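Structure assessment
Listed here are the chains, written in short residue letters.
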Amino acid sequence: MDLKTKALTKSLWVFHMSTASCNNCDIEILDCLTPRHDVERFGIVLVGSIRHADVILATGIVNRNCRDIVKKMYEQAPKPCFVVAVGTCAAGRGIFHNSYIVNEAEPLDKIIPVHAYIPGCPPKPEAIIDGIVKLIDKVNKK
Ligand code: SF4
């Protein structure tokens, strides 16, 4: 593992990228930041710019309208940057699987690399935190 990757696992800066979601997954991510769940105890900080992101938390389906934007945003993130698909929609299009808006689109992991999947519709804050911590462990073991 290079020094840059080792350093970033000590304090992950996460960027929340919501594409076409119903917003429930987004609400659960925000819940992770509240004093009740307090993700900052793991060194996880939410950032407002993709240019500062170590991790992208992606929610929702990628539809025709946002496909190119998702790709462009990932290109703007400093590398290494890990992508976590939060919720069934980001992982595999979920309940929107047969929707007209996603017929011609690919799932998120065909557009940008995805390093972890957190299932659930929506996943609980505990599951999101567990997923991020497991990602850190996975990166540290490499
Ligand atoms: S996985 Fe469920 S809660 Fe999350 S965006 Fe999709 S429909 Fe909404």
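Each remark here, short or long, concerns the structure printed above.
Residues numbered from 1 in each chain as written. Predicted model: local features only at pLDDT ≥ 70, side-chain atom pairs only at ≥ 80, totals over all residues. Heavy atoms only, no water.

**Topic: the sheet that holds strand β2 (residues 45-46)**
- The strand order β2-β1-β3-β4-β5 describes an open sheet built from 5 strands, whose pairing is parallel. Strands with a single pairing partner mark the edges of an open sheet, and in this sheet they are β2 and β5 (116-118).
- Here strand β3 (residues 55-59) pairs with strand β4 (residues 82-86) via 5 bridges, running parallel. Within β4, the residue paired with Leu57 across the bridge is Val84. (Pairing = 2+ DSSP bridges. Helix = DSSP H or I, 4+ residues; strand = E, 2+ residues; numbered from the N terminus.)

**Topic: the pattern of salt bridges**
- Overall, the coordinates contain 2 salt bridges when judged by the stated rule.
- Arg67 is paired through a salt bridge with Asp68; the nearest N and O atoms lie 3.3 Å apart.
- The residue Lys134 makes a salt bridge to Asp130 at a minimum N-O spacing of 3.0 Å. Separated by 4 residues within a single helix, Lys134 and Asp130 lie in helix α6 (residues 125-141), roughly one turn from each other.
- Looking at Lys134, the relative accessible area reads 52%, which means it is exposed. (Salt bridge = Lys/Arg side-chain N within 4 Å of Asp/Glu carboxyl O. Buried < 20%, exposed > 50% of the residue type's maximum accessible area, 1.4 Å probe, protein only.)

**Points about the site of the ligand**
- For the ligand, the full set of nearby residues is Ser21, Cys22, Asn24, Cys25, Thr88, Cys89, Ile95, Gly120, Cys121 and Pro122.
- Broken down by secondary-structure element, the contributors of at least two residues to the shell around the ligand are α2 (24-33) and α4 (88-92).
- Per-class residue counts for the shell around the ligand are 6 nonpolar, 4 polar and no charged. (Near = heavy atom within 4 Å. Nonpolar A, V, L, I, M, F, W, Y, C, P; charged D, E, K, R; others polar.)

**Concerning unusual backbone geometry**
- The peptide bond linking Lys79 to Pro80 adopts the cis configuration, its omega dihedral lying at 5°.
- Of note, the bond from Cys121 into Pro122 is cis; its omega dihedral lies within 30 degrees of zero at -5°.
- Its place among the elements puts Pro122 in the loop between β5 and α6.
- Although it is not a glycine, Asp38 adopts a positive phi angle of roughly 50°.
- Relative to the helices and strands, Asp38 is located in the loop between α2 and β2.
- Under the relative-accessibility criterion, Asp38 is labelled partly exposed at 31%.
- Of note, the phi angle at Arg93 is positive, near 75°, even though the residue is not glycine.

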